[in-house]
Amino acid sequence: MRIGLVAAPWIPIPPAGYGGIERVVDSLARGFLAAGHEVLLAAASDSTCPAPLVPGMRPSEPAEMGFSLSELSHVIRAYEGLGDVDIIHDHTLAGPLVARRRSPAPVVTTIHGPLIPASADLYRAIAADTAIIGISRDQASRVPDVPITRVIHHGMDVLAVPVGSGTGGYVCFVGRMCPDKGVLEAIRIARQAGIPLRLAAKMREPQELEYFHSVIEPLLGSNEVFLGELGDTDKYRLMGEAMAFLNPIQWSEPFGLVMIEALSTGTPVVGTPIGSAPEIVDHGKTGYLAPTDQLHTLLPLAAALDRSHCRDRAAKLFSTERMVGNHLDLYAKLVEKSQAAGVPDDPRVDQNQLRGAVIRAPGPDPISIRRP
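As the structure is a computational prediction, the values presented were derived from the model and not from experiment.

A. Structural detail: the packing of helix α1 (residues 20-34) against helix α13 (residues 320-341). Axis separation between α1 and α13 bottoms out at 9 Å; the angle between their running directions is 75°. Looking at the two axes, α1 sits roughly perpendicular to α13. Contact residues: α1 offers Val-24, Ser-27, Leu-28, Gly-31 and Phe-32, while α13 offers Thr-320, Met-323, Val-324, His-327, Leu-328 and Tyr-331. When its residues are assigned to classes, the contact of α1 with α13 shows seven nonpolar, four polar and no charged.

B. Focus on the packing of aromatic side chains. Under the criterion given, the structure shown has three aromatic pairs. Summarising the aromatic geometry, the rings of Phe-255 and Phe-318 are spaced 6.3 Å apart at their centres and angled 65° between planes, so their arrangement reads as edge-to-face. Of the two residues, Phe-255 is situated in the loop between β10 (244-247) and α9 (257-264) and Phe-318 in the loop between α12 (307-317) and α13; the sequence distance between them amounts to 63 residues. In this structure, Phe-255 and Phe-318 share a single accessibility class: buried.

C. The arrangement of helix α4 (residues 117-126) in detail. Of the positions making up α4, those classed as buried are Ser-119, Ala-120, Leu-122, Tyr-123 and Ile-126. All buried residues of α4 project into a common sector of 160° when viewed along the axis, lining one side. Turned more than 90 degrees away from the buried face of α4, the exposed residues are Pro-117 and Ala-118.

D. Molecular detail of α1. Taking 1.5 Å of rise per residue, 15 residues should cover 21 Å, and α1 covers 21 Å from first to last C-alpha, within 8% of that figure. Where α1 is buried, its residues contact β1 (2-6), β2 (38-42), β3 (87-90), α8 (232-241), α9 and α13. One or two residues past the end of α1 sits Gly-36, with phi positive at roughly 95°.

E. Inspection of the pattern of salt bridges at higher detail. Counted according to the given criterion, the structure contains 18 salt bridges. Linking Arg-23 and Asp-232 is a salt bridge whose minimum nitrogen-to-oxygen distance equals 2.8 Å. On the criterion of sequence distance, the pair formed by Arg-23 in helix α1 and Asp-232 in helix α8 is long-range, its members being 209 residues apart. Here Arg-237 ties to Asp-234 by a salt bridge, and the two come within 2.8 Å at their closest N and O atoms. Taken together, the residues Arg-237 and Asp-234, both in helix α8 and three residues apart, mark about one turn of the helix. Note on Asp-234: relative accessible area 40%, which makes it partly exposed. Among the ionic contacts, a cluster of salt bridges with common partners joins Arg-23, Asp-232, Lys-235 and Glu-261.

F. Broad picture of the pairing of β10. Alternating residues of β10 divide into Ala-244 and Leu-246 and Phe-245 and Asn-247, and every residue in both groups is buried. Two strands pair when backbone bridges link them, and strand β7 (residues 171-176) and β10 are joined in this way by two bridges, in the parallel orientation. When the bridges of β10 are listed, Cys-172 appears paired with Phe-245. Relative to strand β11 (residues 269-271), β10 runs parallel, the two sharing three bridges. The residue of β11 that forms the bridge with Asn-247 is Gly-271. This β-α-β element, β10 to α9 to β11, shows right-handed connectivity.

G. Local environment of the sheet that holds strand β12 (residues 287-289). Read from one edge of the open sheet, six strands run β9-β8-β7-β10-β11-β12, paired in parallel fashion. A single partner strand is all that each edge strand has here, and the edge strands are β9 (224-226) and β12. With direction set aside, neighbouring strand axes in the sheet form an average angle of 25°. Relative to β12, β11 is paired through three bridges, and the arrangement is parallel. For Val-269, the partnering residue across the bridge sits in β12 and is Gly-287. Contacts between helix α6 (residues 183-193) and the sheet are confined to β7, β8 (197-202), β9 and β10, with β8 contributing the most and set at about 175° to the helix. Lying on the sheet, α9 is in contact with β7, β10 and β11; it crosses β10 at an angle near 170°.

H. Looking closely at the sheet that holds strand β4 (residues 107-110). The six strands lie next to each other as β2-β1-β3-β4-β5-β6, forming an open sheet whose pairing is parallel. The open sheet is flanked by β2 and β6 (150-151), the only strands paired with a single partner. Two elements, β3 and β4, share three bridges in a ladder whose sense is parallel. What sits directly across from His-89, in β4, is Val-108. The sheet strands contacting helix α2 (residues 68-82) are β1, β2, β3 and β4, and the helix crosses β1 at an angle near 170°.

I. Layout of the state of the cysteines. Going through the model one piece at a time under the given rule, you end up with zero disulfides. Considering cysteine sulfurs only, Cys-310 is the nearest to Cys-172, which forms no disulfide, with 13 Å between them.

What counts and what doesn't
- Residues numbered from 1 in each chain as written.
- Predicted model: local features only at pLDDT ≥ 70, side-chain atom pairs only at ≥ 80, totals over all residues.
- Heavy atoms only, no water.
- Axes fitted to C-alpha atoms, helices over the stretch in contact; angles between N-to-C directions.
- Helix = DSSP H or I, 4+ residues; strand = E, 2+ residues; numbered from the N terminus.
- Parallel < 35°, antiparallel > 145°, perpendicular 65-115°, else oblique.
- Contact = heavy atoms within 4.5 Å.
- Nonpolar A, V, L, I, M, F, W, Y, C, P; charged D, E, K, R; others polar.
- Phe/Tyr/Trp six-rings, centres within 6.5 Å; stacked < 30°, edge-to-face > 60°.
- Buried < 20%, exposed > 50% of the residue type's maximum accessible area, 1.4 Å probe, protein only.
- Arc of directions from axis to C-beta.
- Expected span 1.5 Å × (residues − 1).
- Salt bridge = Lys/Arg side-chain N within 4 Å of Asp/Glu carboxyl O.
- Pairing = 2+ DSSP bridges.
- Right-handed = clockwise from strand over helix to strand, strands pointing away.
- Disulfide = S-S within 2.5 Å.

Rendered as structure tokens:
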């Protein structure tokens, strides 16, 4: 197939640091190329992904992140440059609306964020002629009348991540510097457990800086080491030497890519059973999930879990190959339906079937969903 990928304009593909969505787009592009497909990537012009880039795109615009004019201008250029592709996978919010006027190819989009009322309105509007991918069962269940074509968990190149020994004598936290990610809770949990904590966090935006300086920085003591934002090499070393990865999220996160990164290094995850966490962490085997006030009792137990099992589960269920295969299967069906009908087919599925289903990735071990 000839596959067009559209990424947001604000961060290059792949990102140099923090950027979960951009990592997923990069993994998809590389995976499609490796599988023998043609890929055309509409992304910031300073992207270094090996897929050919749509010409005429602007360099990344981190200062414009979240602004609609920046995104709209970007996706208009993207659709003008995608040309004669068989299918377009758009990872922006505005793109699928622009696609209605600009692309004869079937379009699929991924909901990367939470399904809140405003975003639900958007996805209801585009659902008639755009296939919608959810990234977790929990996310898809939040607004039942938004038609989700398929749930596909994120994946990553697990085999490229070095396995750590877990002998560093500390637990670690990696995420954004904001209340939702549970930075404050991580500090309290590690102190209650009497285990040193190392913190790495993205801290670029004004609200992130304000939260750090007003709430977190005054609390830091001898039990905590704050490392700032880390690149992949340092991040995986931090995770791999930790006895556990602490993930006390305080919101229904659609998908926690950082959890599969930790599992890839062999490190168990200890966190709250919120959002997608029960779909990623196998309680008692690859980590522990419990309410925030119980997590300090579980950190020592995590150190005794089988690290090889953590790594194996990540490789089996959250690999790039599995994610790429799931996407290619969906693309092929959408292209076939579009060609048979002469127009893009209605991608909607029965939500009753979705909510009661078990997500099955290729292989014998389906992911059974445990509700919090």
